[in-house]
Amino acid sequence: MKIPNSVHLFTILDAVSTSAYSSPAKSLGDPGITPLSPSHIVKDSDAEDAVEQLFLVVVAIDFGTTSSGYAYSFTKEPECIHVMRRWEGGDPGVSNQKTPTTILLTPERKFHSFGYAARDFYHDLDPSESKHWLYFEKFKMKLHTTSNLTMETDLTAANGKKVKALEIFAYALQFFKEQALKELSDQAGSDFENTEVRWVITVPAIWKQPAKQFMRQAAYKAGMASPENPEQLIIALEPEAASIYCRKLRLHQMIELSSRAPVNGYSPSDTIGTGFTQAKEHVRRNRQSRTFLVENVIGEIWSELEEGDRYIVVDSGGGTVDMTVHQIRLPEGHLKELYKATGGPYGSLGVDYEFEKLLCKIFGEDFIEQFKIKRPAAWVDLMIAFESRKRAAAPDRTNPLNITLPFSFIDYYKKFRGHSVEHALRKSNVDFVKWSSQGMLRMSPDAMNALFKPTIDQIVQHLSDVFDKPEVTNVKFLFLVGGFAESPLLQQAVQSAFGSRCRVIIPQDVGLTILKGAVLFGLDPAVIKVRRSPLTYGVGVLNRFVEGKHPPEKLLIKDGTRWCTDVFDKFISADQSVALGETVTRSYTPAKPSQLVIVINIYSSEQDNVSFITESGVKKCGTLRLDLTGTDASVPNRREIKTLMQFGDTEIKAMAIDVATSKSVKVGIDFLNY
């Protein structure tokens, strides 16, 4: 759907409204401006090409809910992707290409450490000391769950103290920036400057605009880029990054979860299970190598795709699950987003919450709440023990899973309740969790699978809904990526639900798919050509009042002319296809030739059909203020003001230009400060 080329005979209101709900015209009585020309679309010739080669290296950061990491590639050898150095620390049963997303601040609120180092240091503190330290984990979800996110939003540490979210995110990004620059400098044998790096940070596609903007602000605070040099940082969408990497896959780099044909030399009679064991073996052998060659070819799977073919990328991480439907456009194989990204908070954290609910059922919610506050480090310990057992859950498992209870859990429970943990288990009627004499909770495989069920059911349900959409017919492949995609339980559920509709494919190093794709995206940001706009955008205008069409309370009479105030004039609709760099232009003229300050307010809404800026859900997200005082008074009496909005990147830019004097003003759409 293209933006209609009809002439808009309305006037744009140039008042700064005190609130989206007051009628700006009545409250401030400013003259308006009126359109000169039809709206039209200008394709921006890619002006950034010249700047492109200034960066020596692209570093991508996958800032995950549960674990994070970075990878990089030198622009001179884009076929080599290097994954960050191995981290100190680590857990049994968990591979260390990434580090946990945990951060520790000193009692004075200064940055202390990140990842395994933060976790282990916090864990080794004496309980009397640890309660003064500020420990944060899984904090990325806050950006998804906060409905009115601002620069002032707080995060709560394990000890209950609050710190500004922006500071925590900036500390984390700064940590990665320093680690990466240090590694690059060691490799180059001389100091690597930040200016030589193009940074890419990945975010879930289903995040709302404020959360995406928040990430950019945190990166500016961390010194990765600046508002003056925003091109140095790209905010990439996780499933898009995964999609870019999946295009490069060769057959030996993936596992097909169906018995349709032998893949990797496995015969169809092999079960998924054996295919996976062999694949795991392969991954284990390759884990020592940190450099991945991405052959500059289109992978075999990809070569089977033809113009117009569709595929779904399901990115299942710790916090969220994102689904994106892409279509291929030949000859270059550019990607077009067919259906706007959907998903929800159905990440593997859901399994942790179920485990916590189970503990509450056995030991009492009052005890678990107290234990988390009084022994935060031991709680973290317990969740680490659960994490490695969680990874051992599989559909065909028959032997029980043992989870070690920290000594302080057993000890504190006895003090709190006056009887033993063993007694609590016997009394609880939870028959599939037993106590073993070695101080462990022994869970039957069914009990573990039950913890996965609610989360996996939500993912399958959501995917079914997506498959039912008319835009999503004839999907050839489903790529399952992200950390949670390593779970055989999730793989089996997706395969049995959708294996008959499309081929379900898992890249081998599934947890690093997004990281590698983000590097490729940073090397060639133009590969994604068409996106779907997540919101409707427009400006607040004044229209000629039409009896019977406009509500009487919107009538404003000015210099004898009858106006309708608060009209939302649409630039682009939610879910409309937008080409990268596409610009929508409108021309206006001040109603009063003498008027020298022109203010245009930009609004957004999740709704498609919006008539007035006062409707619920309409939010102000930008103001263009063009001050023409001091310009030549001899301009034609119909001064032309062009307003442009450029869409396509995760950022949106707006601009107003006075054609006679070429005076212009630019603004980035801002969701955090209005």
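It should be emphasised that the depicted structure is a prediction, and the values quoted were computed from it without experimental measurement.

Engineer: How should I be thinking about the overall build of the protein in this particular structure?
Structural biologist: On a plain count of helices and strands, the protein comes out with 18 helices and 35 strands. With 674 residues in all, the protein has 55% of them scored as buried. In the protein, the share of contacts with a sequence separation of at least 24, taken over all contacts with a separation of at least 6, comes to 71%.

Engineer: For this particular structure, what's the right way to read unusual backbone geometry?
Structural biologist: Trans is the prevailing form of peptide bonds, just as negative phi is the prevailing case for residues other than glycine. The backbone phi angle of R109 is positive, close to 70°, even though this residue is not glycine. Position of R109 among the secondary structure elements: in the loop between β8 (102-105) and β9 (111-114). Residue R109 is classed as partly exposed on the basis of its relative accessible area of 34%. One non-glycine residue with positive phi stands out, namely S662, at about 60°. Relative to the assigned elements, S662 resides in the loop between β34 (653-658) and β35 (663-668).

Engineer: What is the right way to look at helix α17 (residues 488-498) in this model?
Structural biologist: Residues spaced three or four apart along an α-helix point in a common direction, a consequence of the helix completing one turn every 3.6 residues. In terms of burial, α17 is largely enclosed, as 8 of its 11 residues are buried. The complete set of buried residues in α17 reads P488, L489, L490, Q491, A493, V494, Q495 and F498.

Engineer: I would appreciate a short explanation of the pattern of salt bridges in the present structure.
Structural biologist: A side chain of one charge can pair with a side chain of the opposite charge if their charged atoms are brought near each other. The full count for this structure, using the stated rule, is 21 salt bridges. Taken together, the shared-partner salt bridges connect K138, D352, E387, K390, R391 and E486 into one network.

Engineer: Explain the environment of A660 to me, please; I cannot follow it from the model alone.
Structural biologist: Position of A660 relative to the elements: it lies in the loop between β34 and β35. C-alpha separation for the pair A660 and I641, spaced 19 residues apart in sequence, amounts to 8.7 Å.

Engineer: Mind showing me how you'd approach the environment of N609 here?
Structural biologist: With respect to the helices and strands, the residue N609 is situated in the loop between β31 (597-605) and β32 (619-627). Taking the C-alpha atoms as reference, N609 lies 9.7 Å from F568; in sequence the two are 41 residues apart. Contact partners of N609, with chain neighbours within four places excluded, come to K570 and E615.

Engineer: Even after reading the chapter, I still don't get the sheet that holds β9, so can you show me in this structure?
Structural biologist: Across a sheet, strands are paired by hydrogen bonds formed along the backbone, either parallel or antiparallel in direction. If you trace the 3 strands from one edge of the open sheet to the other, you get β9-β8-β10, paired in antiparallel fashion. Where the open sheet ends on each side, the last strands, each with one partner, are β9 and β10 (134-137). For this sheet the average axis-to-axis angle between neighbouring strands, irrespective of direction, equals 20°. Sheet topology places β8 next to β9; 3 bridges connect them, and they run antiparallel. Residue pairing across strands places L105 opposite F111, the latter belonging to β9.

Engineer: In this structure, what is going on with the packing of aromatic side chains? I would like to understand it.
Structural biologist: In total, this model carries 29 aromatic pairs according to the counting rule given. With a centroid separation of 6.1 Å and an interplanar angle of 40°, the aromatic rings of F111 and F175 are classed as tilted. Note that F111 is positioned in strand β9 and F175 in helix α6 (residues 165-188), a separation of 64 residues in sequence. Geometrically, the ring pair formed by F363 and Y413 is edge-to-face, given 5.3 Å between the ring centres and 70° between the ring planes. Here Y413 lies in helix α14 (residues 407-417) and F363 lies in helix α11 (residues 349-363), a separation of 50 residues in the sequence. Overall, the relative accessible area of 1% leaves F363 in the buried class.

Engineer: In this structure, what is going on with the side chain of Q232? I would like to understand it.
Structural biologist: The residue Q232 is located in the loop between α7 (209-221) and β14 (233-237) in this model. Once you skip the residues sitting within four places of it in the chain, Q232 turns out to touch F55, N194, T195, V197, R198, W199, M224 and A225.

Engineer: Where do I start with the sheet that holds strand β21 (residues 433-436) in this structure?
Structural biologist: The 3 strands are arranged β20-β22-β21 in an open sheet whose pairing can be described as antiparallel. At either margin of the open sheet sits one strand with a lone partner, and together these are β20 (401-404) and β21. Each adjacent strand pair in this sheet contributes to an overall mean axis angle of 30°, direction not counted. Where β20 and strand β22 (residues 440-443) come together, 4 bridges link them in antiparallel fashion. Looking at β22, one finds that T404 is bridged to M440. Seen against the sheet, α11 touches β20, β21 and β22 and runs at an angle of roughly 110° to β22.

Engineer: Just to check I follow, could you spell out the environment of F175 for this structure?
Structural biologist: Judged by its relative accessible area of 12%, F175 is buried. Considering only alpha carbons, one finds F175 and I103, 72 residues apart in sequence, at a separation of 9.8 Å.

Engineer: How should I be thinking about the nonpolar core in this particular structure?
Structural biologist: Generally speaking, nonpolar side chains in soluble globular proteins are found buried as a group. Ranked by internal contacts, the top residues of the largest apolar core, which has 142 residues, are F136, F169, I312, F363 and L478. In terms of residues, this core owes the most to one element, α6, which gives 12 residues. Taken domain by domain, this core gets at least three of its residues from each of domain 1 (57-237) and domain 2 (250-258 + 299-507). If near-sequence neighbours (up to four positions away) are discounted, F169 is found in contact with F63, F139, K140, L143, L155, F214, M215 and A218.

Engineer: Explain the packing of α11 against helix α16 (residues 445-467) to me, please; I cannot follow it from the model alone.
Structural biologist: Relative orientation and spacing of two packed helices are given, respectively, by the angle between their axes and the distance between those axes. With their axes 8 Å apart at the nearest point, α11 and α16 run at an angle of 135° to one another. Between α11 and α16, the angle is such that the two are oblique. Helix-helix and strand crossings are classified by hand; for α11 and α16 the assignment is right-handed. Contacts between α11 and α16 involve G350, V351, E354, F355 and L358 on the former and, on the latter, L451, F452, P454 and T455.

Engineer: Would you mind showing me how to read the confidence of the model for the protein here?
Structural biologist: Reading predicted coordinates in detail is not appropriate for stretches of low pLDDT. Averaged over the protein, the pLDDT score is 78; the fraction of residues at 70 or greater is 78%. Contacts of residues 1-25 to residues separated by more than four positions or lying in other chains number 99 contacts, the stretch itself having pLDDT below 50. Predicted confidence is poor over residues 27-31, with pLDDT under 50, and the contacts of this stretch with residues over four places away or in other chains come to 14 contacts.

Engineer: Sorry, what's going on with the packing of helix α3 (residues 116-124) against helix α13 (residues 376-390) here?
Structural biologist: The geometry of α3 relative to α13 is characterised by a closest axis approach of 8 Å and an angle of 130° between their N-to-C directions. Here α3 is positioned oblique relative to α13, judged by the angle of their axes. As α3 packs across α13, the resulting crossing turns out to be left-handed. Between α3 and α13, the contacting residues are R119, Y122 and H123 on the first element and P376, A377, V380, D381 and I384 on the second. Split into classes, the residues belonging to the contact of α3 with α13 amount to 5 nonpolar, 1 polar and 2 charged.

Engineer: Would you explain the pairing of β35 in this entry?
Structural biologist: In the case of a regular strand, side chains alternate between the two sheet surfaces. The pairing of β34 with β35 spans 6 bridges and is antiparallel. Paired with A656 across the two strands is V665, which belongs to β35. Linking two consecutive strands that pair antiparallel, namely β34 and β35, is a turn of 4 residues; a positive phi of about 60° is found at S662 within it.

Engineer: I tried to follow the side chain of H462 on my own but got confused; where do I start?
Structural biologist: With respect to the secondary-structure elements, H462 resides in helix α16. Those residues in contact with H462 that sit more than four places away from it in its chain are M323, T342, G343 and Y346.

What counts and what doesn't
- Residues numbered from 1 in each chain as written.
- Predicted model: local features only at pLDDT ≥ 70, side-chain atom pairs only at ≥ 80, totals over all residues.
- Heavy atoms only, no water.
- Helix = DSSP H or I, 4+ residues; strand = E, 2+ residues; numbered from the N terminus.
- Buried < 20%, exposed > 50% of the residue type's maximum accessible area, 1.4 Å probe, protein only.
- Contact = heavy atoms within 4.5 Å.
- Salt bridge = Lys/Arg side-chain N within 4 Å of Asp/Glu carboxyl O.
- Pairing = 2+ DSSP bridges.
- Axes fitted to C-alpha atoms, helices over the stretch in contact; angles between N-to-C directions.
- Phe/Tyr/Trp six-rings, centres within 6.5 Å; stacked < 30°, edge-to-face > 60°.
- Core = buried A, V, L, I, M, F, W, Y, C linked by side-chain atoms within 4.5 Å.
- Domains from an automatic or database assignment.
- Parallel < 35°, antiparallel > 145°, perpendicular 65-115°, else oblique.
- Left-handed = near helix turned anticlockwise from the far one by under 90°.
- pLDDT = per-residue confidence, 0-100.
- Nonpolar A, V, L, I, M, F, W, Y, C, P; charged D, E, K, R; others polar.

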